[in-house]
Amino acid sequence: MKKEQLMELLQAGKEVYATTYQSEKEIAKALGIEESQVEYLQQYDDEPFEYNDREFVDGDMIYLINTPETRANEIMVTLKNNQSEMNDDEIVSLEEEYMELTGEDEVRY
């Protein structure tokens, strides 16, 4: 995985975990989630960089964290950044999913 690919994930609101040695089981335990919510993506193979106080280095294994909270965050980022490119049905569908995940009565963005 290259820096540009990783940046796309981060900017889309995806919860990404990078490690040089931990397995899915160890990551899940550290985060207090189910192992099934940890998905290995690829090995990072590019220059070191920092993003939001997190460091990514060449050789890191990149995992995607799939929890209701991370999905709700991803939906909010999508609605904020891409709403003008979406049709009404897509927007309503995402808003309904967000409200179901969060238990909120409305979506504020």
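Rules of the game
- Residues numbered from 1 in each chain as written.
- Predicted model: local features only at pLDDT ≥ 70, side-chain atom pairs only at ≥ 80, totals over all residues.
- Heavy atoms only, no water.
- Helix = DSSP H or I, 4+ residues; strand = E, 2+ residues; numbered from the N terminus.
- Contact = heavy atoms within 4.5 Å.
- Lys, Arg positive; Asp, Glu negative; His and termini not counted.
- Charge placed at Lys NZ, Arg CZ, Asp CG, Glu CD.
- Pairing = 2+ DSSP bridges.
- Axes fitted to C-alpha atoms, helices over the stretch in contact; angles between N-to-C directions.
- Core = buried A, V, L, I, M, F, W, Y, C linked by side-chain atoms within 4.5 Å.
- Buried < 20%, exposed > 50% of the residue type's maximum accessible area, 1.4 Å probe, protein only.
- Parallel < 35°, antiparallel > 145°, perpendicular 65-115°, else oblique.
- Left-handed = near helix turned anticlockwise from the far one by under 90°.
- Nonpolar A, V, L, I, M, F, W, Y, C, P; charged D, E, K, R; others polar.
- Salt bridge = Lys/Arg side-chain N within 4 Å of Asp/Glu carboxyl O.
- pLDDT = per-residue confidence, 0-100.

*Asks:* Whenever I open this one, the overall build of the protein confuses me. Can you help?
*Replies:* Broken down by element type, the protein carries four helices and five strands. For the protein, the succession of helices and strands along the chain, N to C, is α-β-α-β-β-β-β-α-α. A fraction of 60% describes how many contacts in the protein between residues 6 or more apart in sequence connect residues 24 or more apart. Charge separation in the protein, taken as the distance between the mean sites of 9 positive and 29 negative side-chain charges, equals 4 Å.

*Asks:* For this particular structure, what's the right way to read the sheet that holds strand β5 (residues 61–65)?
*Replies:* Within a sheet, each strand pairs with its neighbour through backbone hydrogen bonds, oriented either parallel or antiparallel. Reading across the sheet, the three strands line up as β1-β5-β2 and stay open at both edges, with antiparallel pairing between neighbours. The open sheet has two edge strands with one neighbour each: β1 (15–19) and β2 (38–43). In this sheet, adjacent strand axes meet at a mean angle of 30° when their direction is disregarded. Two strands pair when backbone bridges link them, and β1 and β5 are joined in this way by five bridges, in the antiparallel orientation. Residue pairing across strands places A18 opposite I62, the latter belonging to β5.

*Asks:* Help me understand the nonpolar core, please; the structure alone is not making it clear to me.
*Replies:* Proteins that are soluble and globular tend to have nonpolar side chains buried together. M1, L6, M7, L9, L10, V16, Y44, F49, F56, I62 and L64 form the largest nonpolar core, which has eleven residues in total. Among the elements of the structure, α1 (3–11) and β5 are those that each provide at least two residues to this core. Tallying contributions element by element places α1 first for this core, with four residues. Residues within four places of Y44 in sequence aside, it is in contact with M1, K2, K3, L6, F49, F56, V57, D58, G59, D60 and I62. Grouped together as the second largest cluster of nonpolar side chains are nine residues, M86, L94, Y98 and V107 included.

*Asks:* When you look at the packing of helix α3 (residues 68–82) against helix α4 (residues 88–102) in this model, what are you seeing that I'm missing?
*Replies:* When two helices pack together, their arrangement is given by the angle between their axes and by how far apart the axes lie. Contact geometry for α3 and α4: axes closest at 9 Å, N-to-C directions at 150°. In terms of orientation, α3 lies roughly antiparallel with respect to α4. The handedness of the crossing between α3 and α4 comes out as left-handed. Every residue of α4 that contacts α3 at P68, R71, A72, I75, M76, T78 and L79 is listed here: I91, L94, E95, E97, Y98, L101 and T102. Looking at the contact of α3 with α4 residue by residue, the class counts come to nine nonpolar, two polar and three charged.

*Asks:* Help me understand the pattern of salt bridges, please; the structure alone is not making it clear to me.
*Replies:* Working definition: two side chains of opposite charge can pair if their charged atoms are close together. In the structure shown here, the tally under the stated rule is six salt bridges. The salt bridge involving E74 is made with R71; its shortest N-O contact spans 2.8 Å. Within this pair, E74 and its partner R71 are both found in helix α3, separated by three residues, close to a single helical turn. For E74, a relative accessible area of 16% puts it in the buried group.

*Asks:* I tried to follow the confidence of the model for the protein on my own but got confused; where do I start?
*Replies:* Low-pLDDT portions of the prediction should not be read for the details of their coordinates. Residue-level pLDDT values for the protein average 94, and 100% of them are 70 or greater. When mean pLDDT is taken per element in the protein, β5 scores highest with 97 and α3 scores lowest with 92.

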